[in-house]
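Close look at the chain arrangement
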Amino acid sequence: MENQAEVLPGEGNVKTERKLSERLFGGDRALWIIITALAVVSLLVVYSSTASMAYKKAGGDTAYYFLNQLKFIVISFAAVFFIHRINYQTYTRYARLLFIFSLALMALTFFAGVNLNDASRWLRIPGTGYTFQPSDFIKVTLVMVLARELSKRQALINKTPLLPVVPLFHRRFSEQRKRQNRQVFYETTVPLLLPVALACGAIFFSNLSTAALTFFSCLVMFYIGRVRVRELWRLVRTVVVVMALALLVMNAFNIGRSRTWVNRIKDFVGIELAESQSSADDLQVEQAKIAIASGGIFGKGPGLSTQRANLPHSYSDFAYAFIVEEYGLVGAVMVLALYLWLFFRTVIIFQKCERAFPSLLVLGLGIMIVLQAIFNMMVSVNLFPVTGQTLPLISLGGSSLLFTSIALGMILGVSRQMEEKTLGSIKEDGIK
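A count of helices and strands for the protein chain gives 13 helices and three strands. For the protein chain, the proportion of contacts with a sequence separation of at least 24, taken over those separated by at least 6, is 73%. Accessible surface, the protein chain as shown: approximately 22000 Å² in total, 64% of it carbon and sulfur.

The following block contains the structure:
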């Protein structure tokens, strides 16, 4: 008689359940834990910071904003689940189309944008009372396009200039130089830098900080994508000059929110402003300082904040300051650790991924999310001028939450395919 291994009661069911859960929630397990933890933090922060505001607006219903946020979190979790089941090859086919569509939506904000908090960054969804920021959408599609174009050029990107060479002190170009410049312009500058210029330029007029954050994330992607450091410095110098000139012209003619940006920078570096110019931002910074100082090591406790009525945007732009007040240094470090853990997991996926496009896609999206979180935290502790950046997955609002979840779904999707060994060997237009 053959020996048969003894199976303990219930052991088969546990294995079946584990396999089922792995099929449903594939990819990096730690990322699922991080997303869930940040969602829980979001509900705690939103309920506590908006209770009094909800009481006044919703006729005594202190859970009004909490329930709205809970609804958005459920929708966002559904988005993560749906997106993480999509194979990454799909993104290579539709990256350009989605990017063009996001640019069109961004352009629409200049004509039909909804003005909230003194800025026209939102579009209203027809037939509903909801709005969303196209800039959240364009950031995700930009990373997709850059990952696609960089992956196609991995064999030569470390030997090719990003920008045509323009010898300032030469009266005319040689024919060889003209041919080289044309080749660089059409084969490198347009495919790689035009999407960055269009996206950052479209965002720039209404949101300088988001444009700067997006550009910096693209720089990191270029570096990881093997672009030479010398070329990156050329690009940075060019962009700094262009942005400085644009700010000077916009400030001189009071175009967009240029004077607000200039005043914020002046205020941060200590240049005294007129009372009418600095009152709003000064109030936010001072109240954030009070909230952080009163939090101590362990905080005042959930729901015991005394600054929520005084701290503007304690549920969004200054959510981290609010976390410090209620949960202290311990809570602040835990939230920071969650974002750093998220970045660490994306780096692990990047390192293990053997194909250029999905690895660049994962790291680009991870950098975009974590940099935004770092910016928000730095503003809250007065290490950076006021920017208006929300805390990803925590701040109140559906637009940022949804598109951040879509980005995380893409990361999990690549991770899932790595586990299932289905990254495949499909090559489209030279994509690796």
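Don't stop here, the text continues.
Below, the discussion takes up the nonpolar core. Counting 93 residues, the largest nonpolar core has F222, L391 and I394 as its most contacted members. Take this core: its biggest share by element is eleven residues, from helix α11 (residues 319-352). Once residues lying within four places of it in the same chain are set aside, the contact partners of I394 are L38, V41, S42, V45, V46, Q69, I323, V335 and Y339. By size, the runner-up hydrophobic cluster in this structure holds seven residues, among which are A288, L311, F318 and V386.

Once that is clear, we can look at the pattern of salt bridges. This structure, assessed with the given rule, holds twelve salt bridges. Here E149 ties to R96 by a salt bridge, and the two come within 3.1 Å at their closest N and O atoms. Of this pair, E149 sits in helix α5 (residues 134-152) while R96 sits in helix α4 (residues 89-112); the two residues are 53 residues apart in sequence, bridging distant segments of the chain. Salt-bridge contacts for R148 lead to E149; the nearest nitrogen and oxygen are separated by 3.4 Å. Residue R148 shares its accessibility class with E149, and that shared class is buried. Residues participating in the shared-partner salt-bridge network are R96, R148, E149, K152 and R153.

Looking now at the packing of aromatic side chains. Scanning the model with the defined rule gives nine aromatic pairs in all. Aromatic pair Y47 and F66: ring centres 5.4 Å apart, planes at 80°, arrangement edge-to-face. Placement of the pair is Y47 in helix α2 (residues 29-57) and F66 in helix α3 (residues 64-83), with a sequence separation of 19 residues. A relative accessible area of 22% places F66 in the partly exposed class. Measuring from centroid to centroid gives 5.8 Å for F204 and F205, while their planes differ by 75°, and the two rings are edge-to-face. Taking the relative accessible area as the measure of exposure, F204 reaches 8% and is therefore buried. Aromatic ring contacts, followed pair by pair, group F101, F137 and F403 into a single cluster. The ring of F72 is capped by K71, whose NZ or CZ atom sits 5.9 Å from the centre of that ring.

Here we take up unusual backbone geometry. Positioned with a positive phi, N382 is a non-glycine residue whose angle comes to about 65°. Considering the arrangement of structural elements, one finds N382 in the loop between α12 (356-380) and α13 (399-420).

Bringing the confidence of the model for the protein chain into the picture now. Of all residues in the protein chain, 83% have pLDDT values of 70 or greater, and the mean over the chain is 84. By mean pLDDT, helix α1 (residues 11-24) is the weakest element of the protein chain at 56, and α11 is the strongest at 95. In the predicted structure, residues 1-8 sits below a pLDDT of 50 and forms zero contacts with residues beyond four places in sequence or in another chain.

In this section: the packing of α5 against helix α6 (residues 175-204). Where α5 meets α6, the closest approach of the two axes is 9 Å, and the angle between their N-to-C directions is 170°. Between α5 and α6, the interaxial angle falls into the category roughly antiparallel. Only P191, L192, P195, V196, A199 and I203 of α6 make contact with α5, whose side of the interface consists of S135, I138, L142, V145, L146, E149 and L150. Along the lines of polarity and charge, the residues of the contact of α5 with α6 split into eleven nonpolar, one polar and one charged.

Our next topic: a nonpolar patch on the surface. Taken together, the side chains of F110, F111, F205, V249, F253 and I255 present a nonpolar region at the surface, about 680 Å² in accessible area. Looking at where I255 falls in the secondary structure, it is placed in the loop between α8 (229-252) and α9 (258-269). The exposure class assigned to I255 is partly exposed, which follows from its relative accessible area of 35%.

What counts as what
Residues numbered from 1 in each chain as written. Predicted model: local features only at pLDDT ≥ 70, side-chain atom pairs only at ≥ 80, totals over all residues. Heavy atoms only, no water. Helix = DSSP H or I, 4+ residues; strand = E, 2+ residues; numbered from the N terminus. Contact = heavy atoms within 4.5 Å. Areas by Shrake-Rupley, 256 points an atom, 1.4 Å probe, with all protein chains shown as cover. Core = buried A, V, L, I, M, F, W, Y, C linked by side-chain atoms within 4.5 Å. Buried < 20%, exposed > 50% of the residue type's maximum accessible area, 1.4 Å probe, protein only. Salt bridge = Lys/Arg side-chain N within 4 Å of Asp/Glu carboxyl O. Phe/Tyr/Trp six-rings, centres within 6.5 Å; stacked < 30°, edge-to-face > 60°. Lys NZ or Arg CZ within 6 Å of the ring centre and 35° of its normal. pLDDT = per-residue confidence, 0-100. Axes fitted to C-alpha atoms, helices over the stretch in contact; angles between N-to-C directions. Parallel < 35°, antiparallel > 145°, perpendicular 65-115°, else oblique. Nonpolar A, V, L, I, M, F, W, Y, C, P; charged D, E, K, R; others polar. Patch = residues over 30% accessible without salt bridge, like charges linked within 9 Å, V, L, I, M, F, W, Y side chains within 5 Å.

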